[in-house]
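Breakdown of the fold
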Amino acid sequence: MFRKYNVIVVGAGHAGCEAAWAAAQMGSSVLLATMNMQTIAQMSCNPAMGGVAKGQIVREIDAMGGMSGIISDKSAIQFRMLNMSKGPAMWSPRTQNDRMLFAEEWRLALEGNTKIDFWQEMIAGLVVKNGVVTGVRTALGLEIEADTVVLTNGTFLNGLIHIGEKTFGGGRTGELAAKGITEQLVSLGMEAGRMKTGTPPRIDGRSLNYEKMEEQFGDEKPNKFSFGDTKALSKQKSCYITYTNNAVHEILKTGFEKSPMYTGRIKGLGPRYCPSVEDKITRFADKDRHQIFVEPEGWNTIEIYVNGFSTSLPEDVQLKALRKIDGFENAKMFRPGYAIEYDYFPPTQLELTLETKLIKNLFFAGQINGTTGYEEAACQGMIAGINAHNRSVDKEGFIMKRSEGYIGVLVDDLVNKGTEEPYRMFTSRAEFRILLRQDNADLRLTELGYKLGIATEERMNNWLAKKKHIVEIDKIVNGIKVTPDQVNGILSSLESAEIKEKTTLSNLLKRPNINLEVFQNISAEIAQLYLQYEPNEIEESIIQLKYKDYIIKEEEMVKKLSNLDGLKIPEHLDFETIGALSNESKQKLNKIKPKTLGQASRISGVSPADISIIMIYLSK
Amino acid sequence: MLIHNDTIVALATANGVGAIAVIRISGPEAIAIASTVFKGKNLIDVPTHTVHFGLIHRNGEPIDEVVATIFKSPKSYTGDDIVEISCHGSSFIVKKIMQLLIAGGARYARAGEFTLRAFLNGKIDLAQAEAVADMIAVDSEASHIAAIAQMRGGFSQDIINLRQELLNFASLIELELDFSEEDVEFADRKKLTDLVTSIKRSVDALIKSFDLGNVIKNGVPTVIVGKPNAGKSTLLNALLKEDKAMVSEIAGTTRDFIEDEISIEGVNFRFVDTAGLRETIDKLEHMGIERTRQKMKQASLIIYLFDVNTTSENELIEAIDEIKLLSIPYLIVGNKIDTTSKKIHAFRNFDGIIYISAAHNAGLEALRTKLLEAINYASFKTGNTIVTNMRHFESLSNTTTSLHKVLLAIEQKTASDFLAQDIRQALYFLGEITGEITNDDLLGNIFSKFCIGK
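Residues numbered from 1 in each chain as written. Chains lettered and ligands numbered in written order. Predicted model: local features only at pLDDT ≥ 70, side-chain atom pairs only at ≥ 80, totals over all residues.

1. A word on the overall build of chain A
- A count of helices and strands for chain A gives 20 helices and 22 strands.
- Its C-alpha radius of gyration of 26 Å places chain A within 12% of the 25 Å reference for a compact globule of 620 residues.
- In terms of overall dimensions, chain A has a C-alpha envelope of 80 × 75 × 50 Å along the principal axes.
- Among the 620 residues that make up chain A, the fraction classed as buried is 54%.
- Taking as baseline every contact in chain A between residues at least 6 positions apart, the subset at least 24 positions apart corresponds to 73%. (Helix = DSSP H or I, 4+ residues; strand = E, 2+ residues; numbered from the N terminus. Rg over C-alpha atoms; globule rule 2.2 N^0.38 Å. Buried ≥ 20, exposed ≤ 12 C-beta atoms within 10 Å, placed from the backbone. Contact = placed C-beta atoms within 7 Å.)

What follows is the structure, given as structure tokens:
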């Protein structure tokens, strides 16, 4: 009934869609298997993409040739560039999205790719022969063959939903949990764990009084995610901000005895940075209010997402408490918030290609690896898709370095450190934050994406042109000298020290708060720049000039550290045979099986002395 | 993080007092760094395998007359450029020169690092290298234990506090960066400046406290304990008389502040609380009373003095056991050998007892030698005082340099993501003493203090 596929992707969320897309772009025949084709690319939690660190990931996915940036742009209802008051490494794009449009755009994109087939059914198990996966088995008992399989099960593996004292199996509200896969993998020798996450109630927007809330507008000049030709928004929808108060907290407390969190019914670990509202009022009892973002779910829907009010208290307590929030006095609920527990597999069981160490040709991406977030899932999907394809055509695996992208940081962290709570990206996780900016994601990654076969020829040509233009702009700007007469008026109006003698323009641009735009009218040369080049090209060139010293400093660090990353460790090295290593190091090294000395050095508990010792043995 | 292309420095001869000490610098910048502190021929221009007499100076102020030997890559022990500086064998001078070289850009070498480089550059064979691997393993463990052991009492608490303060500061900055959208209050620049200034002050104070020069200048705190009439003050006077030229009696406003110092081959021994010793010597009860114990705890070296004529073997065992509990180096000295008629057979079961007659100046030379040895032993016991101190000194110096940059950056209103770059450096360097400070530590600290999360 089925042909043999190069790649079968199980699950069609953010990870699954990107995995299918990447493998298909590279030339694989792909089967995307999902329990429900109506929920492809569901935004199960908040209707937004990007944000600090996450926005950088979306830009990276886009630069590589993935779809998340394009889909987000097409379905955006609001765009904001966060952190504009900080340096450019912190600028972070974020969109509010139309939930239904987002899913529709993804489905259209996937359907437009003839390499991708679809199958709607629960996948109940894998076909594994001699430690190699050769296909999947469906609930109906069908077997579908493939070279490689990518599992992106999200919260569906033995998903258990909690609302107050009620619990029921499910992967999301109204959707069944997936059974069988965990049990099979555990019986094959994999280690599984439980994690927990939650989501807030959804509200009828017609029942809210926005007069009592603070309006949060989109950017005046909205940008976009994709480096491609998607359009920036011409109209936007606002969000609203309001706060909880003591009355809200008091009501919430009345539900604590029925809370699955406090009665100990939930065993899984939840994220510390995305606490339920009951967690917030307990852990930070001295805070008398917590911020609530009221986010519209789309252009044409009245549904509202109450960001900041994630809860698993009984539904009546949820509603009563909500109605004490300013603007929510008459709130009507569409559905209550809930907590969900699900299975994951500690990601230290993976290679840096996201292939499992135990079962060959089997790849994991998304929440199954203990991560949280659409962006984190999507980028893993892309990496797993790339490597599933590469494996099916016998090519070497693709590993993004920590110095190349947040995606590289994420995968490296997961595999070498594992995670105790749902892993979310933060900029502070990246040691080369200054290099990993959203503005230069294309410069960092598009060539890689093109060589892999995901990014199109057109993208590659744009990339080449942009690179060339940046150098040209830099040359022009560096050649410009300015006199006190020309610039002192501008400088003093910006509260920047005046100059005493002629100096280079680039000197002035290195000052904080001084940008090229302010000098647009002082010389024909500068005005000409704005006619000749794209704004993003000028911005990129100026960022590189302005922060040159910091950038060089990090580039030097990268160079130093890459020495170790270049030193390969043979695949079957048994660290037990290296007598001089401590027992703890031996165990950790044998578990993770690092591929390079650089990777070994990032495993927690492995000391510099251990690395020296391994280095000596490798030179044998 | 191991990096094999920078310049490293270490003492190549054994620690302690010798006539000559050799400091070895290896790496691409070895000659350039040495030349900045060397007055004589320009070392950059001299040919390989040549020896040069000159002066080591700090900004013109002479430190020592030395001989510098140049080995150019690849014809050297490690295969890198090497400069070997032979200076006078005083810990103080060695320390000063090392500080200058580290300030000039060299890094303090880790255990076995010279040999590791020699191996990586193909200068030694595998059999030798495997021995080095074992050595690195043993030494890194030993130095770790030593580093912890050295941080007894208040000092270790200082470091822990410092780590926490710096972590808090870094958290405030990271909070602004990663959680700008959250409803938390961000620290203003004034508060951040105050915080860094106060952290930097603590680091600077620690740098000073680490300075071995200070220890030498201030002397090794030493106490003499023993039963009444063991001859404690006689011994002290004898040592002082022998060393007349170097005696410095600092008279304080009260007798409590009187301290006596003797200098043996350049190392000063400061006898703690000798005022008390002199006045109350006969009133001091037997070993073990609280006051004596307190006094001994402050010391870096303890001399237990007993009268060979009146002390039983059991008393001696008890006393030694008591002292051992303190984990401070000690000497056991038997006094009044001149008056004893019986042989000292009774104490045959004890190793290393030094027999003297304080009243007749007998055995004092041997005691002096043992005092010096005990100091080396002390260095060894606490993990090579010089080495460990130098490591700490280097880490703390780098920390303070980074903190200085942080202060500058705040002053210049630099965006906080760039500020964070310098803070991370500071965390990294402090982490060399306190153990690694990871991004997870930072995030953990943020989550524990601030209500984050929509």
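2. Some thoughts on the overall build of chain B
- Across its full length, chain B holds 15 helices and 13 strands.
- The burial tally for chain B puts 41% of its 454 residues in the buried class.

3. What to know about helix α3 (residues 68–75) of chain A
- Among the eight residues in α3 of chain A, eight count as buried, and that is most of the element.
- For α3 of chain A, the set of buried residues is Ser68, Gly69, Ile70, Ile71, Ser72, Asp73, Lys74 and Ser75 of chain A.

4. So, the packing of helix α11 (residues 441–452) of chain A against helix α12 (residues 457–479) of chain A
Residue and element names in this part refer to chain A.
- Contact geometry of α11 with α12 gives a least axis separation of 10 Å together with a crossing angle of 145 degrees. Considering the relative orientation of α11 and α12, their crossing is left-handed. From α11, Asp442, Leu443, Thr446, Glu447 and Tyr450 reach across to α12, where they touch Arg459, Met460, Trp463, Lys466 and Lys467.
- The residue makeup of the contact of α11 with α12, split by class, is four nonpolar, one polar and five charged. (Axes fitted to C-alpha atoms, helices over the stretch in contact; angles between N-to-C directions. Left-handed = near helix turned anticlockwise from the far one by under 90°. Nonpolar A, V, L, I, M, F, W, Y, C, P; charged D, E, K, R; others polar.)

5. Looking at unusual backbone geometry
Residue and element names in this part refer to chain B.
- The omega torsion of the bond from Ser73 to Pro74 falls at 0 degrees, within 30 degrees of zero and hence cis.
- Position of Pro74 among the secondary structure elements: in the loop between β5 (61–71) and β6 (82–88).
- Here Asn59, not a glycine, exhibits a phi torsion of approximately 45 degrees, which is positive.
- Residue classification places Asn59 among the exposed positions, given that 6 C-beta atoms sit within 10 Å.

6. So, the sheet that holds strand β11 (residues 166–169) of chain A
Residues and elements named next belong to chain A.
- Here we have four strands laid out as an open sheet, ordered β11-β10-β19-β12, and antiparallel in their pairing. Both outer strands of the open sheet, β11 and β12 (193–199), are each paired with one neighbouring strand and no more. Mean inter-strand twist for the sheet, computed between neighbouring axes without regard to direction, equals 25 degrees.
- Here strand β10 (residues 160–163) runs beside β11; their pairing, made up of four bridges, is antiparallel. Bridged to Ile161 within β11 is Phe168. (Pairing = 2+ DSSP bridges.)

7. A look at the sheet that holds strand β4 (residues 76–82) of chain A
Residues and elements named next belong to chain A.
- Pairing is antiparallel across the open sheet formed by three strands, whose spatial order is β3-β5-β4. The open sheet is flanked by β3 (48–50) and β4, the only strands paired with a single partner. Across the sheet, the mean angle separating the axes of adjacent strands is 20 degrees when strand polarity is ignored.
- Two strands pair when backbone bridges link them, and β4 and strand β5 (residues 92–97) are joined in this way by six bridges, in the antiparallel orientation. The residue bridging Gln78 from the neighbouring strand is Gln96, located in β5.

8. Let's talk about the nonpolar core
- Of all hydrophobic cores here, the largest spans 164 residues; its most connected members are Ile8, Val9, Ala19, Ala20, Val30, Val149 and Val150 of chain A.
- In this structure Val9 of chain A touches Gly16, Ala19, Ala20, Val30, Leu32, Ala33, Val150 and Thr152 of chain A, once residues within four positions along its chain are discounted. (Core = buried A, V, L, I, M, F, W, Y, C linked by C-beta atoms within 7 Å.)

9. Here's the deal with the confidence of the model for chain B
Residue and element names in this part refer to chain B.
- Residues with a pLDDT of 70 or more make up 70% of chain B, whose mean pLDDT is 74.
- In the model, residues 274–288 has pLDDT below 50 throughout and makes 26 contacts with residues more than four positions away in sequence or in other chains.
- Note on residues 377–388: pLDDT under 50 across the span, and 34 contacts to partners over four residues away in sequence or across chains.
- Interface confidence for the predicted complex, expressed as ipTM, amounts to 0.83; the pTM equals 0.77. (pLDDT = per-residue confidence, 0-100.)

10. Brief notes about the pairing of β5 of chain A
Residues and elements named next belong to chain A.
- The buried fraction of β5 amounts to six of the six residues, a majority that puts the element mostly inside the structure.
- The alternating pattern of β5 places Ser92, Arg94 and Gln96 and Pro93, Thr95 and Asn97 on opposite faces, both of which are buried.
- Here β3 pairs with β5 via three bridges, running antiparallel. Paired with Gly50 across the two strands is Arg94, which belongs to β5.

11. A short note on the packing of helix α2 (residues 54–64) of chain A against α3 of chain A
Residues and elements named next belong to chain A.
- At a closest axis distance of 7 Å, the pairing of α2 and α3 adopts a crossing angle of 115 degrees. Taken together, the axes of α2 and α3 lie roughly perpendicular to each other. Contacts between α2 and α3 involve Val58, Arg59, Ile61 and Asp62 from the first element and Ser68, Gly69, Ile70 and Ser72 from the second. (Parallel < 35°, antiparallel > 145°, perpendicular 65-115°, else oblique.)

12. Topic: the environment of Val51 of chain B
Residue and element names in this part refer to chain B.
- Mapped onto the secondary structure, Val51 falls in strand β4 (residues 50–58).
- The exposure class of Val51 is exposed, given the 11 C-beta atoms found within 10 Å.
- Sequence spacing of Val51 and Val220 is 169 residues, and the spatial spacing of their C-alpha atoms is 36 Å.

13. Re helix α11 (residues 313–324) of chain B
Residue and element names in this part refer to chain B.
- The end-to-end C-alpha distance of α11, which contains 12 residues, comes to 16 Å, matching closely the 16 Å that a straight helix rising 1.5 Å per residue would cover.
- Among the residues of α11, those classed as buried are Leu316, Ala319 and Ile323. Looking down the long axis of α11, one finds its buried residues gathered within 65 degrees of arc, a one-sided arrangement. Residues of α11 that are exposed and angled more than 90 degrees away from the buried face: Glu313, Asn314, Ile317, Asp321 and Lys324.
- Buried residues along α11 sit against β11 (301–307) and β12 (330–335). (Expected span 1.5 Å × (residues − 1). Arc of directions from axis to C-beta.)

14. Quick word on the domain arrangement of chain A
- Under the domain assignment, chain A is made up of domain 1 (5–195 + 342–452), domain 2 (202–339), domain 3 (458–549) and domain 4 (566–618).
- For domain 2 of chain A and domain 3 of chain A, the distance between their C-alpha centroids amounts to 43 Å. (Domains from an automatic or database assignment.)

15. Structural notes on the pairing of strand β9 (residues 143–151) of chain A
Residue and element names in this part refer to chain A.
- With seven of nine residues buried, β9 is to be regarded as a mostly interior element.
- Pairing of strand β1 (residues 5–10) with β9 involves five bridges; the strand directions are parallel. What sits directly across from Val9, in β9, is Val150.
- One ladder, built from three bridges, connects strand β8 (residues 132–138) with β9; its direction is antiparallel.

16. As for the environment of Ile63 of chain B
- Tracing the backbone through its elements, the reader meets Ile63 of chain B in strand β5.
- When neighbours within four sequence positions are excluded, Ile63 of chain B is seen to be in contact with Ile56, His57, Arg58, Ile93, Lys96 and Ile97 of chain B.

17. So, the environment of Met26 of chain A
All names here are of chain A.
- For Met26, the position within the fold is in the loop between α1 (14–25) and β2 (30–34).
- Sequence spacing of Met26 and Gly566 is 540 residues, and the spatial spacing of their C-alpha atoms is 27 Å.
- In this structure, Met26 is in contact with Ile386, His389, Leu452, Gly453 and Ile454, ignoring residues within four places of it in sequence.

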